[in-house]
Structures are given as structure tokens and as C-alpha cells.
Amino acid sequence: MNKLINAAWLAACGSALALTMSVSTASANDWPTDDVRLVVPYAPGGTTDVLARRVADLLQDELDANVIVENRPGAGSTVATARLARGGRDADHTILMASPGHTIGAAIYPDLTYDPVEDFLFIQNIIDIPNVMVVPANSPYNSVLEFVEAAKEQNMAFSHSGVGSSIHMSGELFKNLTETNMTSVPFAGSGAALPALLGGDVQVSFENMPTVYSHIRSGDLRALAVTSAERSEYLPDVPTMAEIGEHNLDQFVTTAWFGLIAHNSFSQEAHEAMQEALAAVMQREEFLDFAEQLGAEPGQVAGEEFKQFIAEEVERWDAVAEQAGIRQ
Amino acid sequence: MEIFSEVLHIFLSLDNFLAIAVGVVIGVVVGSIPGLTATMAVALALPFTFSMQPVAAILLLVGIYKGGMYGGSITAILIRTPGSPANACTLLDGYPMAQQGHAKKALKMSLYSSCIADFISNIALIFFAAYLAKLALSFGAPEFFWLICFSLTIIISLASGSMIKGLLAALMGILLSMVGLDVVYGSQRLTFGNYNLMDTISFIPLLIGLFALPEIMEFYRKKALPHLKTKASGVGVTLAEMKRSMKSIVRGSLIGVIIGAIPGTGATAAAFISYSDARRRSPNKANFGKGEVEGVAAAEAGNNGVAGATMIPLLSLGIPGDVITAIILGAFMVHGLSPGPIMFQENLPLIYALFIGIMFSSVLLLVVGNMAIKYFSVIADIPKSILFPIVLMFCVYGAYAVNNDTFDIWLMLAFGVLGYIFNRAAIPAAPFLIGFILGPMFEDNLRRSLLIGSNDLSIFVRGPITWFFIALTAGSILLAIYRYVMAQRMARRAADTSQEAS
């Protein structure tokens, strides 16, 4: 028992020492002067969480400081985002992994206490994941046009991972643009939604690429189109929605994006340090491998450009939510 | 033969054994602390696996998962606070046993039953994954709907004492489960504009409040409990008890396997279904809920039976059935593997190495669990006046830790008061819990079926699985009515004969 206590004591001393050392080296570069908190506005598990933990792990090396991931789930991502918008003492060391929930949440949750565009500093878009329009392997539809034609005649059901998810909103956007009959069938997460699609209970879905990629490869699902602006290098034979060229589908360019944001009071110094560190992280082989596994492209926009992108997204989903009647 | 040596080459490394051992230890410890769930531990451990070999990485996470599933039963038995939601059912008999001085017996039974169920679940994963995955795919919303209907009938058997009170509690549970955003339209229900309630009421604060707090309040109301002369922890499980519970353990494990293979039902429901099944069949029916060792066995078999089986849809279909397997899926992806049919073609040796590791984890669970019992059962001997303030502190911390939100502490206190009222009014809390867990599944699948079937009701009788569960549901209700009528008739006859006699 004594040995055990001694070992614990030693370990505690060691980690305390390591902590002071990391703080002292960090203070030479001004920012960060403290541990950095990376807030994940969702519960553990899921793409946002896994991505945040991967990025935090790599950021630690680049920033030479502890990056602590903190899950603050609630009301889509709006509880954590509202808290970030309030600022406070540690606002200069708090960043948040934002995702489509940021812009869609602004469209569907009433009485938000923050402005999704003006109240935040947009640091860097980290990755973009395209959505894929998929049908079961035994589906009679081999192209988007065939599907649209059929959906004008008869009612189709599309599965998604929950009201307000990017998968749901993509389906609603498709329905609006093509003026077809489609029923939204919600599930609790993509894991629960997939069997309904594989089993043929619903006719189509607009799932995130990583969720369905292996099923497309194994032939259980058929990809009709990807929603990104360019064809995905993982599915080079699958056209983009924009390529379809009919039924207003040229306006159907959307990705599940993930990026880091902070409170407006985030200092210039911190912003620069973060951008530099993120640029390094995004070059790292571990990061690129991870992005490849997700079927994702590294993010393209940062700073003002990122903010502009968010503003457009908010406007777009606002219109879709209005039309679909998803607003309280 | 070549594949065999390749599998051994991948598996036989110290890293793998260490990963499983460390995982199981972390799981048991974290699982036993209320508010710290296995889910959280798996998420926190994920970054540490980035730099590990893929097999060791996955085994570490699987070890935590399995350890956590068992660990939660320790505090459920000792202080009436389930470490994880899946262990809520274990306290129904586990805590009364601890109070009667049989803490060690309950803990041991929970461990043995967990390990056996885990083993059976692993066997199912290794040999029947393909069949069970097919079954999972044929489970659409209407099939789910009837499965939940059947599961709801277990309220009848859990409503010990008064049927009216049991149903009342269940309805209250269902009502409270409706708080939050509507799943289809996204509109707010019963949230009173409060953001904290939009994602429904958090389960863990509810659980801690409902079970742990009333016990503490009761203690301070009475001020003193009789001192036990003997050591409270007592002795282990006898061979006869083990033999008696074996059937329930095996049945519970199989229930766990089937529930685990179907994405989205979860270990908590499996534990309750297994428990009520055991109760229905046991000759010691009357003792269930009062400290029946078979009850502990059935509950733990149910939830641990799920642990291996949730890997079935994950590995064979690439579909995570719960949050933990979703995180494990993330770990696979970080290592460049995508679970699903393709992985069985491309990475077969790796999958076999994983299987060996998973089997090994059952054995390790037995070893680590036995050690844990040795130290934890001391808790049963601590005087309540010292223990309860500490428990209260853990309760507050546990409620807060789930979402890092003080609102959850208030929620827990409110449920504490509700639990206390339940205790005083002899309203059973278990049906409340069942209502709260199954209520949303009932509603979601009903509405989902109607959406899929374009409001055509024939979707509810679309195939053999729906018929099977309709028959089970009807049978279960009819049996309950028959028993009720028979009991009434017996009572009347007894009254008549006693009148004649006088």
C-alpha cells in the first residue's frame, strides 16, 4: 500500500512539475499564458467530438500548452455557443468547434441570445465533409434525374439523423429546389437512421460521406450525387449536384463544415498564434490521414472569409427552415 | 493456417494485454463513480489511442466499455446510486441485499453474472455476427414499435404491490420523458422556454435524484438506523444460489445479445427486460425487489449481454448502436479502418485478433472485478453517518459532471424530492424509470412508422417480426389479467370458506 501511495505521490509531483514547465515555456511566447479550452458543443462521440480531440491533441504540440476538450451539449449546439458569446474572464483562452449546427441552430431555435455572425471571431475552417445522396442498392433509380422524376409522381421518404442536422436540412433543401414530394423521417443519430435506408424503409438519404462511404464501396448503397462544389476524390465517378444542371440543383452546394471560433474579445495576439498553430496542424501527416478517413477536404477559409461564409449559410438555412416549417 | 499465424502475430504483444487490463480497470473504477459514465471515459481515452497500434487502441476502449458496464453495479448495490444508467435495475434487489448484510453476495453475483453474460455475448459476436446483423436490418420502425410495446408490459410485473400506483408512476415517467424538442417537428414541448430542458431531462441527474437522495433523506428523518452486529459485507455466493440463478443468467444474456445487436435500444432496457423475464419465471417471484440474488443476476446479465453484441452492427455493418460504439467507430477511423463488410474482406486477421482480445477481456473482468469487490465491499461497513455525507457530495458532483451544468444539480434535487415522496407513498420507482426510458422510443417509433407508411396502418402488421411481438404483447397482458382474476377468485373463495367456518 505504501508503495502505491509513494508512486501516486511521485506521479502527482511529476505532473505538477510538467505543468509548471509547460506554463513557463509558454509564457515566453506571450499567448497562450494558460491552458486553452476547446469547447465541443455536443456530447462525447460523434464527428465533432472526435475531430476536436484529434485537433486538440495536435494543437498541444504546436502551441506548447495544454488544450483541454470540454463537452457542453445542449439544445443543438446553442447552449455552449450562447455561453461562448457571453465572453468572460477566460474568453481569451476559449475556442469552440463549430459545425453546421451553428448556422442551422440559428435558423431553427427561437430567441437566441446571440448573433451567430457578429458575436464571434471566426478563426479557421478546419475540414469540409460533403454529403452524399444515397439510395439502397436495390433501388430502381440510377440517377438524380430519375429520382426527381419519380418523386414528382409519388411520395418519397428520406431518413436523417435528427431535426436540424445538416443531413435533414440537405433533404429539405433538395425538396425545395426540385419541388418534389418528400417526407422527412427523423432518427436519433445516423447510426439509427442507416438501417432504415439499408433495409429499404426509406427511399433516399443525404448522409455525411464518412457514414456511408464503406456501404457505397461494398455495394449496399448507391451514390447518386455528392453535395460539394467539386467531385470528391473518394467517389470520382459520382457527379456533384451542381453538375445535374436541372431542377435548380446548381444551387445545391453544401458541406458539413467544421471550424474553430472564439469570442469577439479574443485578442489579436491569440488569433495570430492560433492561426499559425492551425496552419501547422493542418500540414501534419496525422491530420491529413484523419481527414482522408473522414472523406473530408481540409478547410479552405479563415478569418473574414470564414465569417462571410457563415453569414451566407445562416441566410440560406433560415430560408429553408422557414419553407419547411421547422421553427417554433 | 497462414492467417492463424498472422492473427497470433498481431495479437500476441504486450501492448494488447496491457491495453485490455488498463481498459478494464479504468472502466470498473469510472463506472462505479456516479456521474462518471463509461461513455465519458471512452471519449476521454480516445486521444490516448491515436498513437497506439489499432488492435491495442480498440481493445483499450472495449475494455473500458466492458469494465464500466459492470462497475456501475458496485455503487448501485452499496449506496443505491447506479454508476451508469444500465445498472439502475441492479439496485432493485442489490441494495436491499446490502441492507440485509449480503453486500458481498450481491457484488459477487453481479460480477459472475456480468462475466458469464459478457462471455456469451462475445461468442454471439464471433460466431453469429452475420445472422444477427441481418436480424438487426429487418428491424424497422414498426418492428421496434411492437418490441417497445412488449417491453412496456414489464411494468405490470414491476408494479409490486399496487397496480394503480405502478401505472401512475409509469405514466409520470412517460410524461416527463416528453419534455424537450419534438423529434419530428422540432417544436418545444413542456420546456417553459427553458434552454436547459430543450434536450429532454438529463437521465443521470434523474437517476441519482430518484434513487440515492431519498435514502439519505430517510436516514436523516429517522436520525438512526439499527447497528448491524456482524460485518455488513457478509459472505459470497453459494453454489446452490449460482445453480438457481443460472437459467436467468443465460436467458438474460441472450436477451442482452438480441437487444444489443439491434441499434438504438440500449443496455438499460435490456437489463429491465431480463429482470422482469426472470421474475416472471422464478419460483421465488415474491422475493424479487426485496433482496433476491437471482434479480441481481438477471439484471446484470441483461446489460452485460449487450456489451459484446453492440459490436455486431458496428463490425459487420459499420453501424454504431449506441454512443460508446460511435466513439469506437471514431477510433477505427483514426487508424485508417472503416468497419463494415469491407473490413471483413480486407482486414480479417485484425478482426480475429480483436475477437481474441475481446474474449480475453471477459476473463480479465473477472479478475479485476474480484479485486474491486475486495476493496469496495468495505463501503458496506462504513457507518452511515459518515458514508451518507460523502455520497451526497458524489451525487452533486455526478449530476454536475454529465453536462458541466449547474442546472442538472437542481434537477437532481427536484427528483430527490420526488423520489422521497414516492418512498413515503409506497409508489415504486422502477415503473417510473421504465416509462421514462421507453416512452420516447414508443412515441418515436409510432410516428416514424406512420411517416414511413404514409399514415397507412397496415405497416404495423407487415411481417413475421411484428406478428411475433404483437402475440407476445397480447399474451403478456392476457396472462396478467388471468392472474389478477384468479387471485380475486381465490381471495373470494378463501373469504367464503372462512365465513362458512364461522
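Residues numbered from 1 in each chain as written. Chains lettered and ligands numbered in written order. Predicted model: local features only at pLDDT ≥ 70, side-chain atom pairs only at ≥ 80, totals over all residues. Heavy atoms only, no water.

- Under the annotation held in an unreviewed UniProt entry, chain B carries the name C4-dicarboxylate ABC transporter permease and is attributed to Billgrantia endophytica.

- The name an unreviewed UniProt entry assigns to chain A is Tripartite tricarboxylate transporter substrate-binding protein, from the organism Billgrantia endophytica.
- Taken from UniProt, the Sequence similarities (unreviewed entry) comment for chain A reads in full: "Belongs to the UPF0065 (bug) family." (UniProt positions renumbered as here; feature names shortened; annotations may be inferred.)

**Section: the overall build of chain B**
Then step 1. A tally of helices and strands in chain B yields 21 helices and two strands.
Then step 2. Taken over C-alpha atoms, the radius of gyration comes to 23 Å for chain B, in line with the 23 Å a tight globule of 502 residues would show.
Then step 3. Principal-axis analysis of the C-alpha atoms places the extent of chain B at approximately 85 × 60 × 50 Å.
Then step 4. Counting across all 502 residues of chain B, residues that qualify as buried make up 58%.
Then step 5. In chain B, once contacts between residues fewer than 6 apart in sequence are set aside, the share between residues at least 24 apart is 79%. (Helix = DSSP H or I, 4+ residues; strand = E, 2+ residues; numbered from the N terminus. Rg over C-alpha atoms; globule rule 2.2 N^0.38 Å. Buried < 20%, exposed > 50% of the residue type's maximum accessible area, 1.4 Å probe, protein only. Contact = heavy atoms within 4.5 Å.)

**Some points on the domain arrangement of chain B**
Quoted interface sizes are often the accessible area lost when the parts come together.
Residue and element names in this part refer to chain B.
Then step 1. When cut into domains, chain B gives domain 1 (2-462) and domain 2 (463-502).
Then step 2. Contacts between the two partners involve 16 residues from domain 1 and, on the opposite side, 12 residues from domain 2.
Then step 3. Buried area between domain 1 and domain 2, both sides added, is near 1,200 Å², and the carbon and sulfur share of it is 75%.
Then step 4. Per-residue buried area on domain 1 facing domain 2 is highest for Trp146, Phe150 and Arg280; these three make up 37% of the total on that side. (Domains from an automatic or database assignment. Buried area = accessible area lost by both parts, 1.4 Å probe.)

**Considerations on the interface of chain A and chain B**
Then step 1. Counting from both sides, the interface comprises 47 residues of chain A and, opposite them, 44 residues of chain B.
Then step 2. Counting each side, the surface lost to burial between chain A and chain B is near 3,700 Å², with a carbon and sulfur contribution of 61%.
Then step 3. Where chain A meets chain B, there are two salt bridges.
Then step 4. Taking the shortest distance from any N to any O, the salt bridge between Arg217 of chain A and Glu346 of chain B comes out at 2.6 Å.
Then step 5. Between chain A and chain B we count four residue pairs in polar contact (both at pLDDT 80 or more) in total.
Then step 6. Counting residues per element, the ones that place at least two in the side of chain A that touches chain B are α2 (47-63), β2 (67-71), α3 (78-85), β6 (182-186), α7 (190-198), α8 (209-218) and α11 (285-293) of chain A.
Then step 7. In the side of chain A that touches chain B, the residues fall into 21 nonpolar, 15 polar and 11 charged. (Salt bridge = Lys/Arg side-chain N within 4 Å of Asp/Glu carboxyl O. Polar contact = N/O pair within 3.5 Å; in protein donor to acceptor, adjacent residues only side chain to side chain. Nonpolar A, V, L, I, M, F, W, Y, C, P; charged D, E, K, R; others polar.)

**Notes on the pattern of salt bridges**
Then step 1. Per the stated rule, a full pass over the model turns up 28 salt bridges over all chains.
Then step 2. Here Arg316 of chain A makes a salt bridge to Glu313 of chain A, at a shortest N to O gap of 3.1 Å. With a gap of three residues between them, Arg316 of chain A and Glu313 of chain A both fall in helix α12 (residues 303-324), about one helical turn apart.
Then step 3. Judged by relative accessible area, which is 5%, Glu313 of chain A ranks as buried.
Then step 4. Between Glu143 of chain B and Arg462 of chain B there is a salt bridge, with its nearest N and O atoms 2.9 Å apart. Placement of the pair is Glu143 of chain B in helix α7 (residues 141-152) and Arg462 of chain B in the loop between α20 (429-452) and α21 (464-501), with a sequence separation of 319 residues.
Then step 5. Taken together, the salt bridges that share partners define one network made up of Arg37, Glu70, Arg72 and Asp90 of chain A.

**Description of the side chain of Thr153 of chain B**
Then step 1. Turning to its location among the elements, Thr153 of chain B is positioned in the loop between α7 and α8 (154-158).
Then step 2. Here the side chain of Thr153 of chain B touches Ser476 of chain B through a polar contact of 3.0 Å, side chain to side chain.

**Re the pairing of strand β1 (residues 36-40) of chain A**
Residues and elements named next belong to chain A.
Then step 1. Most of β1 sits inside the fold, with four of its five residues counted as buried.
Then step 2. Where β1 lies against β2, five bridges are found, and the strand directions are parallel. Residue pairing across strands places Leu38 opposite Val69, the latter belonging to β2.
Then step 3. Pairing of β1 with strand β3 (residues 94-98) involves three bridges; the strand directions are parallel. Residue pairing for β3: Arg37 is matched across the bridge by Thr94. (Pairing = 2+ DSSP bridges.)

**Examining the nonpolar core**
Then step 1. If you look at the biggest cluster of nonpolar residues, it comprises 218 residues, and the most contacted ones within it are Leu59, Ile95, Ile127 and Met274 of chain A together with Phe272 and Ile328 of chain B.
Then step 2. Counting residues per element, this core draws most heavily on helix α4 (residues 54-79) of chain B, at 16 residues.
Then step 3. Sequence-distant contacts of Ile127 of chain A, that is, excluding residues within four places in its chain, are made with Leu51, Ala256, Trp257, Phe258, Phe287, Ala291, Leu294, Ala296, Glu297, Pro298 and Gly299 of chain A.
Then step 4. Among the nonpolar cores identified, the runner-up in size contains 34 residues, and Val144, Val148, Met182 and Ala321 of chain A belong to it. (Core = buried A, V, L, I, M, F, W, Y, C linked by side-chain atoms within 4.5 Å.)

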